[in-house]
Each structure stands twice: as C-alpha cells, then as structure tokens.
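Structural description and commentary
Here's the letter readout for the chains.
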Amino acid sequence: MNIRVFFLFLAIIYQLPIFAQDDIKEGEIRIPMINFNIGFHISGGDLADRFGSSTLFGIGFQIKNNKNFYWGFDAAALAGSDVKEDDIIDIITADATDIIDVNGNTATIRFWQRGAHSQFILGKILPVLGPNKNSGLFFQIGSGFMYHKIRIEDIGNNAPQLSANMLKGYDRLCMGLTSSQLFGYRHFSNNNKINFFVGIEFIQAFTKDVRRYDYNAQMAYNDKRIDLLSGLKFGWTIPLYKKSNNQYYYY
C-alpha cells in the first residue's frame, strides 16, 4: 500500500467522531473499529497459471451497530514470490536466463507478485461461542477492485532493456472488479483488551490485461480472466471509544 494513502487513511480516521462506550457485557453495542489484518492465500482460476501462494496485508475501518451488523471498507497490499510465468522476458535475454547490462555483465533479475485489493464490506455477527453478545461466528461479503502484476526487479538498475517504460510490455498488469466472502469467528473481550477475528476468505476477481500488447510474444491480445484467491485471514481489532471524562483512549 502506498505510504501516502496509509497516512491519509489515518488522518481520516482521526477526524471521525469517537463514540461513547457502553458496557460490552450488557448486550449488543455500537462499536466503531480499525482492523489490521493479514491473509495467506492460494491462487485459483487463471491466477494459478501465473502465481502461487500470496499474502495480503490490510487495514480497514468498520462500524458495528447494536444489531450486530457491520459495514465499512478495507484496503490491502498483495505480495508473493512464486511467479510461474518466468519466461516473460525471453526475447531480450542472451540465452535462456541472462540479460547483459550496460557494463557487459550478466544482470541479476528477480520476479515478484505485486498488487492491491480494496473493497466495501457488509457483515453480520451471530452471538454464539463468545464471552458477550458482540462476539461470535460471523459472515461477511464484499465488493471492490483488485490489480496484480509481475514486478520485474533489476538489481543495480543497469539493464536499459528493463527501463520503466519497457517494463510495461512485460509486467502483465491486470485489474478489475471483485467479490469476496469471509466466514469465521470475531472476538470482543469483556475487558476490551483482546479483540480479533479469524476466518476463511474467498476472493473472485474479474480482471483483464490492461497492457494489451505482449513484448515477449510480439502480439496484441485482450485477456479476460477470472482470478481466484482462497485462504486464512486474521485480524487485530482496535475499538474506538470515548471515556466519560471526554478524554480519548484506544485499545
């Protein structure tokens, strides 16, 4: 996630009103919250032909009402190291693996999966198995946007064949709309110090290649894809409350 976007997000959260705290043990209460989360996913669909497993690092803001419905948004950075399409620059290599840099040496090239996913979410907590009626099993749906690409890293930046403009012909940048489902358990402790969720997440991304020309294959194309991610997601929740003496504090 871009660092400027991260600090803008924090600035927006800072300006939001902080709500008065009710006793969480007495019943279902309104809880505004920030979530920091991480997801470990395996690829499916068209994405499995390009990448292996990946990780999503995210942050979000949600509001839960006194009926245990919640809504908000999440934004996450997508990263992975298992790139299966490692032949994307074969046309500019001296042999099967090497690129010669400006000094006549073999350039060191690495491939990574990079991307991002943002979404609006809506969920419901079922008050079972928890210490209070705000905790329990939950299900969540989302709708958003994703992009992913192959990051081609030239260690030392000495290969003019992989300049910023040239990389656009090799990086397989794809983007499109998404839907998602998340099922699991959400916990709000009675002492407000241990708040988390864990669940199984499924993401469907309906993407297409936005470059539309492959330098390696030397041809134009229009690649419509169904990219799938599924895996385990864990999040740490920070409820936002206002103390009765009008001072703010965070858990």
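Residues numbered from 1 in each chain as written. Predicted model: local features only at pLDDT ≥ 70, side-chain atom pairs only at ≥ 80, totals over all residues. Heavy atoms only, no water.

Re the overall build of the protein chain
- Each helix and strand counted, the protein chain has two helices and 11 strands in total.
- If you list the helices and strands of the protein chain from N to C, you get α-β-β-β-β-β-α-β-β-β-β-β-β.
- Within the span of the protein chain, comprising 251 residues, buried residues form 45% of the whole.
- Summarising the internal contacts of the protein chain: among those between residues at least 6 apart in sequence, 72% fall at separations of at least 24.
- For the protein chain, the computed accessible surface area is about 13,000 Å², with 58% contributed by carbon and sulfur atoms. (Helix = DSSP H or I, 4+ residues; strand = E, 2+ residues; numbered from the N terminus. Buried < 20%, exposed > 50% of the residue type's maximum accessible area, 1.4 Å probe, protein only. Contact = heavy atoms within 4.5 Å. Areas by Shrake-Rupley, 256 points an atom, 1.4 Å probe, with all protein chains shown as cover.)

Considerations on the pattern of salt bridges
- For the structure on display, the rule yields six salt bridges.
- R50 serves as the salt-bridge partner of E85, at 3.3 Å between the closest nitrogen and oxygen. Here E85, found in the loop between β3 (69-80) and β4 (108-126), pairs with R50, found in the loop between β1 (31-45) and β2 (54-64); they are 35 residues apart in sequence, far enough to count as distant.
- Residue classification places E85 among the buried positions, given a relative accessible area of 18%.
- A salt bridge links D223 to R225; the shortest N-O distance between them is 3.5 Å.
- Given a relative accessible area of 7%, R225 falls into the buried group.
- Here the salt bridges do not stand alone but share partners, grouping R50, E85 and R172 into one network. (Salt bridge = Lys/Arg side-chain N within 4 Å of Asp/Glu carboxyl O.)

Looking at the side chain of H148
- Assignment of secondary structure puts H148 in strand β5 (residues 136-155).
- A polar contact is formed between the side chain of H148 and the side chain of D227, at a distance of 2.7 Å.
- When neighbours within four sequence positions are excluded, H148 is seen to be in contact with L47, R50, F51, L78, R114, G115, R172, L173, C174, T207, R225 and D227. (Polar contact = N/O pair within 3.5 Å; in protein donor to acceptor, adjacent residues only side chain to side chain.)

A few points about empty space enclosed by the protein
- Taken as a whole and judged by the stated rule, the model has two cavities of 30 Å³ or more.
- The space that makes up the largest cavity amounts to roughly 80 Å³.
- Along its surface, the largest cavity is lined by 13 residues, and N37, L56, A76, H117 and K233 are the ones closest to its centre.
- Those elements giving two or more residues to the lining of the largest cavity turn out to be β1, β2, β3, β4 and β7 (195-209).
- Here the lining of the largest cavity is composed, by residue class, of five nonpolar, five polar and three charged. (1 Å grid on protein atoms, 1.4 Å probe; cavity = no way out; pocket = protein on both sides within 12 Å on 5 of 7 lines; lining within 4 Å. Points joined across faces, edges and corners; volume = space filled by probe spheres on them. Nonpolar A, V, L, I, M, F, W, Y, C, P; charged D, E, K, R; others polar.)

Things to note about unusual backbone geometry
- At R172, a residue that is not glycine, the phi angle is positive and equals roughly 60 degrees.
- Given the relative accessible area of 11%, R172 is considered buried.

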